[in-house]
Amino acid sequence: MTLPPLGVAPNGVAPLGVAANGVAPLGAAPIGIALIGGGFMADVHSRAARAAGARVVGVTSSTPERSRAAAERIGAERAFDDVDALLADPNIDVVHVVTPNATHHALAVRALAAGKHVVCEKPLATTVADAVDLEKRAAKAGVVATVPFVYRFHPMVREARARVAAGQVGRLFSVQGAYLQDWLLGAADDNWRVSTAAGGASRAFADIGSHLCDLLEFVTGEQLARLQAVTRTVFAERASTGPVSTEDLAGVLAQTGSGAVVSLLVSQVAPGRKNGLVLEVHGATESLRFVQERPEELWIGRRTGSELHLRNTDELHPDAARLSVLPPGHPLGYHDAFTAFAADTYAAVRGSPPDGLPVFADGVRAACITDAVLASAAAGTWIDL
Ligand SMILES: NC(=O)c1ccc[n+]([C@@H]2O[C@H](COP(=O)([O-])OP(=O)(O)OC[C@H]3O[C@@H](n4cnc5c(N)ncnc54)[C@H](O)[C@@H]3O)[C@@H](O)[C@H]2O)c1
């Protein structure tokens with residue numbers, strides 16, 4: 001079935017038709033994507049893009065040699081020697097920016113100027129001003145511009161969000177959240193993220209706290225209104241970076257617009273924690289607890305009759321059921337969430353943006369919260385958002 005054309009996209013790409021899951025409708029040309037950056041996220045994005053029905057046209061990385069190595073590893077159709085060559089290719093509809101944080105703004109500006117739809121990794125930019133600039137440029141270009149806050153795409157996260165929206169949780173009292181990792185536990189552990197020049201002024205909070213806050217606001221439908229933060233850098237120096245000024249961990253006390261009390265802990269030095277993202281919401285009638293490493297479950301707490309709700313498509317709210325693409329007992333995980341994010345981005349490119357798609361405005365929101373965390377930690381005061 002080929003659906004009626006919706007008009008030519010602002011980048012001059014022919015209309016592509018619409019499919020609810022972003023996969024190319026029968027007879028429609030697949031969306032062509034390319035990646036700028038050839039590391040960990042190039043692997044994840046390219047697999048997700050293919051699973052969502054796109055063609056991985058090419059990749060470019062920091063040198064032509066690295067571009068070729070990345071193309072071979074991820075099975076891209078070709079390696080581009082540089083960003084200009086990639087952006088000049090008319091077969092590319094969507095550019096995925098998957099490079100270190102400090103390069104996002106300049107690369108996304110170029111991709112938008114070339115008329116491409118853009119997926120830009122989080123943090124969208126390393127300053128609020130740059131994130132706002134990207135949001136404005138994307139709006140002016142009239143293209144789809146998304147940020148992979150992919151934890152939104154777990155069916156049980158959508159279920160939690162739907163329960164809050166339907167009033168099943170009741171008036172929101174409090175939220176407890178954590179995002180804990182241990183991959184930077186030793187002073188010998190190092191990465192570009194540690195350096196302010198490559199990663200930005202914030203490390204742990206911008207890197208993973210941004211996911212936690214996005215999830216919190218997405219599930220509760222409320223925004224953080226004010227916060228007070230404490231940050232800590234546990235090693236004054238790391239192996240190759242030298243003196244370290246980015247934080248290893250952050251504790252945040254906050255309040256939402258309705259007055260709900262929020263406590264968050266974000267750390268990259270918590271032994272044994274690999275990707276420990278946990279969100280627990282307490283309302284007048286129910287609590288909800290989602291644990292990213294057990295994404296098939298949602299704990300529903302009640303004064304009596306608490307239950308561990310296992311994913312079963314027939315029992316889910318419609319938005320959660322839409323993402324529940326395998327029968328119960330066939331576990332969905334991180335990659336499935338990434339695929340759903342890619343599919344929804346491509347559905348938007350085809351003219352039909354699904355509910356809950358994280359866009360550049362959400363990247364701006366994360367940048368504002370990160371900025372407030374650093375400002376509060378420096379001043380030792382509450383900051384209004
Ligand atoms: N959404 C998520 O769940 C998630 C998870 C991990 C990382 N990320 C984000 O993805 C981005 C990339 O992280 P990663 O873990 O893949 O890093 P990485 O170090 O594994 O890869 C970065 C790649 O970018 C290349 N590169 C650097 N500068 C470049 C430039 N100017 N032009 C072209 N290529 C360049 C490097 O050679 C390398 O191949 C970061 O912004 C990170 O925050 C998001």
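Further up the page is the structure itself.
Criteria and cut-off values
Residues numbered from 1 in each chain as written. Predicted model: local features only at pLDDT ≥ 70, side-chain atom pairs only at ≥ 80, totals over all residues. Heavy atoms only, no water. Pairing = 2+ DSSP bridges. Helix = DSSP H or I, 4+ residues; strand = E, 2+ residues; numbered from the N terminus. Contact = heavy atoms within 4.5 Å. Axes fitted to C-alpha atoms, helices over the stretch in contact; angles between N-to-C directions. 1 Å grid on protein atoms, 1.4 Å probe; cavity = no way out; pocket = protein on both sides within 12 Å on 5 of 7 lines; lining within 4 Å. Points joined across faces, edges and corners; volume = space filled by probe spheres on them. Nonpolar A, V, L, I, M, F, W, Y, C, P; charged D, E, K, R; others polar. Near = heavy atom within 4 Å. Polar contact = N/O pair within 3.5 Å; in protein donor to acceptor, adjacent residues only side chain to side chain. Areas by Shrake-Rupley, 256 points an atom, 1.4 Å probe, with all protein chains shown as cover.

### Structural notes on the sheet that holds strand β13 (residues 276-283)
Okay, so step 1: Strand order in the open sheet formed by nine strands is β16-β15-β14-β13-β7-β12-β11-β8-β17, with mixed pairing between adjacent strands. The sheet is open, and its two borders are formed by β16 (307-310) and β17 (383-384), each paired with just one other strand.
Okay, so step 2: Lying on the sheet, helix α6 (residues 155-165) is in contact with β14 (287-291), β15 (297-301) and β16; it crosses β15 at an angle near 30 degrees.

### Describing the layout of surface pockets
Okay, so step 1: Reported here for the largest pocket is a volume of approximately 840 Å³.
Okay, so step 2: What lines the largest pocket is a set of 40 residues, and nearest its centre among them are Phe40, Met41, Val98, Trp192 and Arg193.
Okay, so step 3: Among the elements of the structure, α1 (40-51), α2 (64-74), α4 (104-113), α8 (204-220) and α10 (334-349) are those that each provide at least two residues to the lining of the largest pocket.
Okay, so step 4: By residue number, the principal contributor to the lining of the largest pocket is α2, which donates four residues.
Okay, so step 5: Split by residue class, the lining of the largest pocket holds 19 nonpolar, 13 polar and eight charged.

### A word on the site of the ligand
Okay, so step 1: As a structural note, the neighbourhood of the ligand is formed by 23 residues, with Met41, Ser62, Asn101, Lys122 and Trp192 the closest of them.
Okay, so step 2: One of the side-chain nitrogen or oxygen atoms of histidine 104 is found 3.0 Å away from an oxygen atom of the ligand.
Okay, so step 3: Separating a nitrogen atom of the ligand from a backbone N or O atom of proline 148 is a distance of 3.1 Å.
Okay, so step 4: Starting from 860 Å² of accessible surface for the ligand in isolation, the protein chains cover 83%.

### Focus: the pairing of strand β12 (residues 261-267)
Okay, so step 1: The pairing of strand β7 (residues 172-180) with β12 spans seven bridges and is classified as parallel. The partner of alanine 178 across the bridge, within β12, is leucine 265.
Okay, so step 2: Here strand β11 (residues 249-256) pairs with β12 via seven bridges, running antiparallel. Bridge pairing in β12 places valine 252 opposite leucine 264.
Okay, so step 3: The loop that links β11 with its antiparallel partner β12 comprises four residues; one of these, glycine 259, has a positive phi angle of about 100 degrees.

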